[in-house]
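# Structural description and commentary
Spelled out, the chains give:
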Amino acid sequence: MFMNLLGKQLKLGFRDKSNIFWTLMFPVLLGTLFYIAFGSIYDTFLQEPVKTAVVFETDNPEVISNTKSFLEGLSLNDGSTKLLDISYLEYSEAEALLKDDEKVNGIIKVADTGRLSLDIYSNGVRSTIQQNVVTSYNQSLELIERTAKDHPENLADVIAGLQKDTSHIAAKSLVGDNKDPFLTYFYSLLSMTALFASLSSLKIGNRSQANMSAVGARANVSPVRRMMFQATGFVSSYIVQTVVLEIALLYMMFVLKINFGGDKPLILATAALASLVGVSLGFFIGNIGSFRIEKKEGILVAVTLVGCSLSGLMYGDMKAIITEHCPIVNKLNPAAVISDAFYCLNMFGPGERYLQTVIFMLGISSVFIILGLVLGRKVSYDSV
Amino acid sequence: MAEKIVEVKNLVKRYKELIALDNFNMEIEKGEVFGLLGPNGSGKTTTINCILSLLNYNNGEIKVFGEKMKNDRYDIKKKIGIVMQNVAVFDELNVYENIDYFCGLYIQDKQTRKQYVEDAIKFVGLENFTKFKPKKLSGGLLRRLNIACGIAHKPELIIMDEPTVAVDPQSRNKILEGITELNKNGATIIYTSHYMEEVEQICTHILIMDKGKNVAEGTSDELKRSIKNTENVIVDIKKLDDRHVEAIGKLNHVYDVKYMSDRLMIKCAGGRHNISHVIDYFAQNSIDYDRIYSELPTLNDVFLEITGTSLRDQEA
Ligand SMILES: Nc1ncnc2c1ncn2[C@@H]1O[C@H](COP(=O)(O)OP(=O)(O)OP(=O)(O)O)[C@@H](O)[C@H]1O
Ligand SMILES: [Mg+2]
């Protein structure tokens, strides 16, 4: 019975054209739009090294050569492009060029101690990258000095480790956060698509409750248990929506060439989990009562859009603002958590922060499913 | 005594303030085509939904196949087929797939199901439309699909809630014939309608309900014999003085006269020459008329006499 009914529910799901259109075409179209809109900005900062003037305020040849080799060795993620386009200048020359933003984006000064500092003319993506270079270099330096003082025996290891990681760390911590502020939009777009999956699972309750639809009444007078309709409906809706979301994701990754980070299978798995959140949400709302399905759709669209705007769909910095002023909202907003999962995966890899988002997604899905089952277990009605 | 398929005792159902079923009683025996006749809002659908355990009810007892019906009696549900008043099909599935979907809820075996689905399609005459989606079907064809979805699994008890609403006379006749055939093949049928002609045509037992009550039941003949009205004489006439109407009302066996929209309705109780008495009266008074004829009472007259209102008036 399960397989028979599941097969038919899948047929229903894959034939629901308006649903597929919304959940698939929307992210594809919007993603393409974002891509076109941000395209020009993208190219400049991802493909061109950041123009940087370096001024030595020291004569120490060791400091000079160390700094040079560090700065020149930095490259973008893939290693083919240098991160910085460096000119070694006197301060006065550099300053003149800095005023003209096109020529250099910042001046890195190298002090006698080996520490770096940065002069910038205006804030922007490029100066943030430079700032990160400076900070991470100074931190490494500090680490080396501290080790030299406290645990000289470990110094060799530390330096070796730093050297091995240099390009990696640099690329990650520098490029990471700022590589692509527009990625936020795509994360939000993915979470929106995932949450719109609820519009499909909304129908599960509707189709199995006698007081919600005529086919629901027919389901109720049949010898098949409610649970069977709910379970097959859920699984089929999940399959359909996950396929849709993965297609949207693959489109962004391979057609729009959006770089969501390294581990592609894990990104796809994250999307599958995100779609579980959406499907569970719809399952819950679909079972809450007998009012019109249009109203329920309204609720879901509102939840999705509000959630996604708070997580940065309309305005990329929104999430940062909320994190600063009211972090709990981001922790409880499914849209924010979903985009956070993609973000964490990209920034920090499958670490603890990512795991937290995974646990949250599993948790909130279970809550929705249980609520849906509890609310939807009624089999006799006061009114149909 | 024949086996009782459905027993409803003292059923009370309230929707908030409104009493939809008021101590309603009904018994259906095996092999009957049981007609549940009542005007809109009389409680037919409510009765059926209670029998199916779709609705909670406030009081009363319902047995189906001799056992107390509850919503988890899947064994009983398996033997019932329902044609709902509202069309219940999936827009995404075509005719064949829809029937297969609902039949599949009852019949597991693929081979058997295929046969049953094809039988159902033939039964409602949708052979040329198997690939059509519901949206592409006319209202009547859609109704037929709705019927096929309800009966494809060859149930022992078939409940049809106004299956012929919005169906053209040809399709309607086909459906009615089909119901008789289902009954011949052994199914017990509950048929609700507010069209008395249909009910008269196919039902072996008729229950008339009004305002949630069982007001009369029996075969069509029994019901008609139970009232005092035995004959109605009808005269099409353009102009008639009130004093004549009054005089005709005083003729032998006549107990009620109405003159409305150029038509004189004379209700008679007993007597075998009522129409000639009326003709004689017109001749004596030199009154011209267009047409005069006599009719036996219909179920509408039964309803009218019992409830004081007409089935037909309420249809509009
Ligand atoms: N869900 C409901 N909530 C409140 N009142 C209802 C509900 N369903 C039916 N009623 C009322 O109960 C009464 C009986 O309705 P029911 O649908 O059983 O009548 P019916 O005989 O099937 O009529 P019809 O010929 O129009 O189908 C009506 O007065 C109706 O308005
Ligand atoms: Mg009804």
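### Concerning the confidence of the model for chain B
In the predicted model, chain B carries a mean pLDDT of 92, and 98% of its residues have values of at least 70. Reported confidence for the predicted complex is 0.83 by ipTM and 0.77 by pTM.

### With respect to the coordination of the magnesium ion (ligand 2)
Taken together, T45(B) (OG1) and Q85(B) (OE1) make up the protein donors of the magnesium ion (ligand 2), found 1.8 to 2.1 Å from the metal. With T45(B) in helix α1 (residues 44–51) and Q85(B) in the loop between β6 (80–83) and α3 (95–104), the pair connects residues that are 40 residues apart, well separated along the chain.

### Quick notes on the sheet that holds β6(B)
All names here are of chain B. Read from one edge to the other, the open sheet built from 6 strands follows the order β6-β7-β8-β3-β9-β10, with strand pairing classed as mixed. The open sheet terminates on both sides in strands that have one partner only, identified here as β6 and β10 (213–218). Within this sheet the neighbouring strands show an average axis-to-axis angle of 15 degrees, counted without direction. As judged from the 5 bridges shared by strand β9 (residues 205–210) and β10, these two strands associate in the antiparallel manner. Residue pairing across strands places I208 opposite A216, the latter belonging to β10. Where helix α6 (residues 169–184) meets the sheet, its contacts fall on β3 (33–37), β7 (157–161) and β8 (188–193), and the angle it forms with β8 comes to roughly 155 degrees.

### Remarks on the interface of chain B and chain A
Counting from both sides, the interface comprises 36 residues of chain B and, opposite them, 28 residues of chain A. By the criterion of area lost to chain A, the three top residues of chain B are L54(B), Y74(B) and L105(B), representing 23% of everything that side buries. Where chain B packs against chain A, one counts 4 salt bridges. Across the contact surface, chain B and chain A share 13 residue pairs in polar contact (both at pLDDT 80 or more).

### Some words on the sheet that holds strand β14 (residues 291–295) of chain B
Residue and element names in this part refer to chain B. Spatially, 4 strands are ordered β12-β13-β11-β14 in an open sheet, and the strand pairing comes out antiparallel. Each edge of the open sheet carries a strand with a single partner, namely β12 (254–260) and β14. Direction aside, the axes of adjacent strands within the sheet are offset by 15 degrees on average. Two elements, strand β11 (residues 231–236) and β14, share 5 bridges in a ladder whose sense is antiparallel. Looking at the pairing, V235 lines up with I292 of β14. Running over the sheet, helix α10 (residues 274–284) touches β11, β13 (263–268) and β14 and is turned about 30 degrees from β11.

### Regarding the packing of helix α10 (residues 226–255) of chain A against helix α11 (residues 264–286) of chain A
Residue and element names in this part refer to chain A. Between α10 and α11, the least distance of the axes is 8 Å, while the angle of their chain directions is 140 degrees. Comparing the axis directions of α10 and α11 gives the class oblique. Between α10 and α11 lies a crossing of right-handed hand. Residues Q230, F234, S237, Y238, Q241, T242, L245, E246, L249, L250, M253 and F254 of α10 form the contact with α11, whose participating residues are K264, I267, L268, A271, A272, L273, A274, S275, L276, V279, S280 and F283.

### Overview of the domain arrangement of chain B
For chain B, the assigned domains read domain 1 (4–225) and domain 2 (231–296). Each of domain 1 of chain B and domain 2 of chain B was reduced to a C-alpha centroid, and the two centroids are 42 Å apart.

### Points about the pairing of strand β2 (residues 18–29) of chain B
Residue and element names in this part refer to chain B. Pairing between strand β1 (residues 4–15) and β2: 8 bridges, direction antiparallel. Pairing of L11 across the sheet is with F24, part of β2. Linking β1 to β2, which pair antiparallel, is a turn of 2 residues; within it K16 sits at a positive phi near 50 degrees.

### Some remarks on the pattern of salt bridges
Applying the stated criterion to the full structure yields 29 salt bridges over all chains. Ionic pairing is found between E97(B) and K11(A), a salt bridge with its closest N-O pair at 3.4 Å. Here E97(B), found in helix α3, pairs with K11(A), found in helix α1 (residues 2–14), and the two come from separate chains. Note on E97(B): relative accessible area 13%, which makes it buried. The residue K109(A) makes a salt bridge to D119(A) at a minimum N-O spacing of 3.2 Å. With K109(A) in strand β3 (residues 106–110) and D119(A) in strand β4 (residues 116–119), the pair connects residues that are 10 residues apart, well separated along the chain. Assessed through its relative accessible area of 18%, D119(A) is described here as buried.

### Some details on the environment of R15(A)
On the secondary structure map, R15(A) appears in the loop between α1 and α2 (17–47). By relative accessible area, R15(A) is classed as partly exposed at 27%. Taking the C-alpha atoms as reference points, R15(A) and V240(A), separated by 225 residues in sequence, lie 10.0 Å from one another. Those residues within four positions of R15(A) in sequence are excluded, and the remaining contacts are E92(B), L93(B), N94(B), E97(B) and K133(B). A polar atom in the side chain of R15(A) sits 3.0 Å from the backbone oxygen of E92(B).

### Looking at the pairing of β12(B)
All names here are of chain B. Strand direction decides the pairing type here: β12 and β13, joined by 6 bridges, are antiparallel. The partner of K258 across the bridge, within β13, is M265. Between β12 and β13, which pair antiparallel and follow one another directly, the connecting turn spans 2 residues, one of which, S261, has a positive phi of 35 degrees.

What counts, and at which threshold
- Residues numbered from 1 in each chain as written.
- Chains lettered and ligands numbered in written order.
- Predicted model: local features only at pLDDT ≥ 70, side-chain atom pairs only at ≥ 80, totals over all residues.
- Heavy atoms only, no water.
- pLDDT = per-residue confidence, 0-100.
- Donors = N, O, S within 2.8 Å, 3.2 Å for Na, K, Ca; no water.
- Helix = DSSP H or I, 4+ residues; strand = E, 2+ residues; numbered from the N terminus.
- Pairing = 2+ DSSP bridges.
- Axes fitted to C-alpha atoms, helices over the stretch in contact; angles between N-to-C directions.
- Contact = heavy atoms within 4.5 Å.
- Buried area = accessible area lost by both parts, 1.4 Å probe.
- Salt bridge = Lys/Arg side-chain N within 4 Å of Asp/Glu carboxyl O.
- Polar contact = N/O pair within 3.5 Å; in protein donor to acceptor, adjacent residues only side chain to side chain.
- Parallel < 35°, antiparallel > 145°, perpendicular 65-115°, else oblique.
- Left-handed = near helix turned anticlockwise from the far one by under 90°.
- Domains from an automatic or database assignment.
- Buried < 20%, exposed > 50% of the residue type's maximum accessible area, 1.4 Å probe, protein only.

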